[in-house]
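These are the residues of each chain, in order.
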Amino acid sequence: MKTIFELKNVSVNFDKHSISHKTLRYALAVKMNGHSSQKISAVDNINLVINDGENVGLIGRNGAGKSTLLKVLTGVITPQSGTVNRNTGKHIVPLIELGIGFQPDLSGRENCYLSGILMGYRKDEIEARMDDIIKFSELEDFIDEPVKNYSSGMYARLAFAIATDVKPDVLLVDEVFGVGDEFFMRKCIIRMQKLMKQGSTTIFVSHNLDFLVTQCNRIIWLDKGKIIMDGDPEETAGVYRLSEGIAV
Amino acid sequence: MDSTSWRFSWYFAVSQLKTKYRFTALGFLWNFLEPALYLVILSLVFSVINRMNINDYAVFLFSALVPWRYFEKVVTSSMESIVGGEWLLKKMYVSPLAFPANKFIISTFEFLFSITVAFILFAFLKENWTIHLIILPLSIIPWALFGIGLGMISAVLFTFFRDVRPLIQMILTLVFFTSPILFHKNIFEPNSLQANLMQYHPITYFAALFQKPVYEAVWPSDIDWIISIIISLFTLVIGYNLIQKFKNKFYFYL
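Residues numbered from 1 in each chain as written. Chains lettered and ligands numbered in written order. Predicted model: local features only at pLDDT ≥ 70, side-chain atom pairs only at ≥ 80, totals over all residues.

Counting its secondary structure elements, chain B contains 11 helices and zero strands. For chain B, the succession of helices and strands along the chain, N to C, is α-α-α-α-α-α-α-α-α-α-α. For 254 residues, the compact-globule formula gives about 18 Å, and the C-alpha radius of gyration of chain B, at 19 Å, lands near that figure. Along the longest, intermediate and shortest principal axes, the C-alpha atoms of chain B span 55 × 45 × 30 Å. Out of the 254 residues in chain B, the part that is buried amounts to 38%. (Helix = DSSP H or I, 4+ residues; strand = E, 2+ residues; numbered from the N terminus. Rg over C-alpha atoms; globule rule 2.2 N^0.38 Å. Buried ≥ 20, exposed ≤ 12 C-beta atoms within 10 Å, placed from the backbone.)

This is the structure we're talking about:
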């Protein structure tokens, strides 16, 4: 089986007091008191291998390090220590947030191009898909309007349509469902299932445990930047729920 | 820089240029009106101070002022580009070089609009048109490289120390007002202190690349080329290497 991501002893730390730590006064105070600024460990010495075709769910409380881990996988964050190996032959599309890169003054169509380019496609590739994107997002009448006039549902629909229209090899999703109405959500889920069936590797961050248990074949439970449990979805979700005091 | 980042900086620049005047009545025309108004106002005011013939002075002024404005725009907009790219750099992988590159592309388009305007004005102001004008496409290269080089250096400095913005703006103002762009060096006595100091002003050599062919109708000298090219390549190499060296740290300072 081909490896998509391989993380070895990966750690990411953030400075606490990030508002004041750049001032001269703070720097002098640190010098005189002799202590360095406090660190928060968002990802703490993680070893992880994700293989081709796996559908992985990441669970854990707020602040457990799920989003940071996802950002390490996409390459947005370079960890302070450890190594990250990424399969360079695979097309990785991150969906960390809906509508990354959308410019309010640009029309829906222009934003499609910009967003598509950011996901690694060429302009002509996006042009070929434009009709499908418009159809899926149900925005036929509004595609040439500036997106600042869109409702949040329209915005999310367009963003989701772009990210999933061209078949990515690897899709990283950070809690982006729960947008649009129920019917659109169902459409999104069907499309995700289709991608998974076609063999796309997916990594989901979500608080919707039922969704993850039904869709994923592996769940990783993170707490305070460490992997607590990694394995069978139902078992991991069950232990996680118990630890939080929720009866299954 | 990878091809995705290149494509992004290009397409993003084009869309920013498109939206810049999107909601104005005159639209695209503003790209020409804005530099035209600026150049006309400045030439009216400073021809009085320089006690020069207005036509003559305007040709002299525009020749180096247009590349200077370009250079200044590249430096100041690139400086804030990486911090300003937070919306993307914190969420998706793009090369941090894409942001100074994006500002560079936008400023280059604006320069092309301004130089067009300057030449339209020259049609009314300038009497002797000579062969020397053909050197101008080469003359802009050292300005462009110096701009993007200094822009990348300031972008890295600004990411780690936000205090540098007013400092760099002040340095640019100082450099501009001491350079022979606004005033002709003939206003000083030959061999006076000021005239001698001009030799040590780097912008003197950059300005000569435009002033000589446009205003004096001669070719820029070898020394003008050598000094301007050395300075621009030097800053370019430093700027590029600074971004490469610190790119993994930007996330934590945005």
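Looking now at the interface of chain A and chain B. Taken together, the contact pairs 21 residues of chain A with 18 residues of chain B. Sort the elements by how many residues they give to the side of chain A that touches chain B and helix 3 (residues 108-118) of chain A lands first, with five residues. Of the residues assigned to the side of chain A that touches chain B, the class counts are 11 nonpolar, six polar and four charged. (Contact = placed C-beta atoms within 7 Å. Nonpolar A, V, L, I, M, F, W, Y, C, P; charged D, E, K, R; others polar.)

Bringing the nonpolar core into the picture now. Judged by nonpolar contacts, the single largest core of 117 residues is most densely connected at Leu58, Leu69, Ala159 and Leu172 of chain A together with Phe62 of chain B. It is helix 3 (residues 54-79) of chain B that contributes the most residues to this core, 15 residues altogether. With residues up to four places along the chain from it excluded, the contact list for Leu69 of chain A reads Val43, Ile46, Leu58 and Leu222 of chain A. (Core = buried A, V, L, I, M, F, W, Y, C linked by C-beta atoms within 7 Å.)

It is worth spelling out the sheet that holds strand 2 (residues 39-51) of chain A at this point. Residues and elements named next belong to chain A. Strand order in this open sheet of three strands is 2-1-4, and the pairing throughout is antiparallel. This sheet does not close on itself; its edge strands, each paired only once, are strand 2 and strand 4 (81-86). Ignoring strand direction, the axes of neighbouring strands in this sheet form an average angle of 15 degrees. As judged from the five bridges shared by strand 1 (residues 3-15) and strand 4, these two strands associate in the antiparallel manner. (Pairing = 2+ DSSP bridges. Axes fitted to C-alpha atoms, helices over the stretch in contact; angles between N-to-C directions.)

This brings us to the packing of helix 7 (residues 136-160) of chain B against helix 10 (residues 202-216) of chain B. Residue and element names in this part refer to chain B. As a packed pair, helix 7 and helix 10 sit with axes 9 Å apart at the nearest point and diverge in direction by 160 degrees. With respect to their mutual orientation, helix 7 and helix 10 come out roughly antiparallel. Of the two possible hands of crossing, helix 7 and helix 10 adopt the one that is left-handed. Across the interface between the two elements, Leu136, Ser139, Pro142, Trp143 and Phe146 from helix 7 touch Phe206, Leu209, Phe210 and Pro213 from helix 10. Taken together, the residues of the contact of helix 7 with helix 10 sort by class into eight nonpolar, one polar and no charged. (Parallel < 35°, antiparallel > 145°, perpendicular 65-115°, else oblique. Left-handed = near helix turned anticlockwise from the far one by under 90°.)

Looking at chain A as a whole, its pLDDT mean stands at 86, while 92% of the residues score no less than 70. Of all helices and strands in chain A, the one with the weakest mean pLDDT is helix 1 (residues 24-33) of chain A (74), whereas strand 8 (residues 218-223) of chain A scores best (94). (pLDDT = per-residue confidence, 0-100.)

Turning our attention to the sheet that holds strand 7 (residues 201-205) of chain A. Residues and elements named next belong to chain A. Spatial ordering of the open sheet is given by 5-6-7-3-8-9, a layout of six strands whose pairing is mixed. Each of the sheet's edge strands pairs with one partner strand only, and the pair in question is strand 5 (92-95) and strand 9 (226-231). Averaged over all pairs of adjacent strands, the angle between their axes in this sheet comes to 15 degrees, without regard to strand direction. Of the strand pairs in this sheet, strand 5 and strand 6 (residues 170-174) are connected by four bridges, and their pairing is parallel. In the strand pairing of strand 6, Pro94 is matched with Leu172.

The subject of this paragraph is the pairing of strand 1 of chain A. The pairing of strand 1 of chain A with strand 2 of chain A spans nine bridges and is antiparallel. Counted as the bridge partner of Thr3 of chain A is Asn51 of chain A from strand 2 of chain A.

All names here are of chain A. By the bridge criterion, five bridges tie strand 8 to strand 9 in an arrangement that is antiparallel. Bridge pairing in strand 9 places Ile219 opposite Gly231. Linking strand 8 back to strand 9 in an antiparallel pair, the connection comprises two residues, with Lys224 at a positive phi of about 45 degrees.

This part covers the environment of Phe210 of chain B. Residue and element names in this part refer to chain B. Its place among the elements puts Phe210 in helix 10. Along the backbone, Phe210 and Leu138 are 72 residues apart, and their C-alpha atoms lie at a distance of 9.9 Å. Non-local contacts of Phe210, meaning those with residues more than four positions away in its chain, are made with Ser63, Ala64, Pro67, Leu136 and Ser139.

Detailed reading of the predicted coordinates is not advisable wherever pLDDT falls low. On average, residues of chain B score 92 in pLDDT, and 100% of them are at 70 or above. Across the predicted assembly, pTM comes out at 0.91 and ipTM at 0.87.

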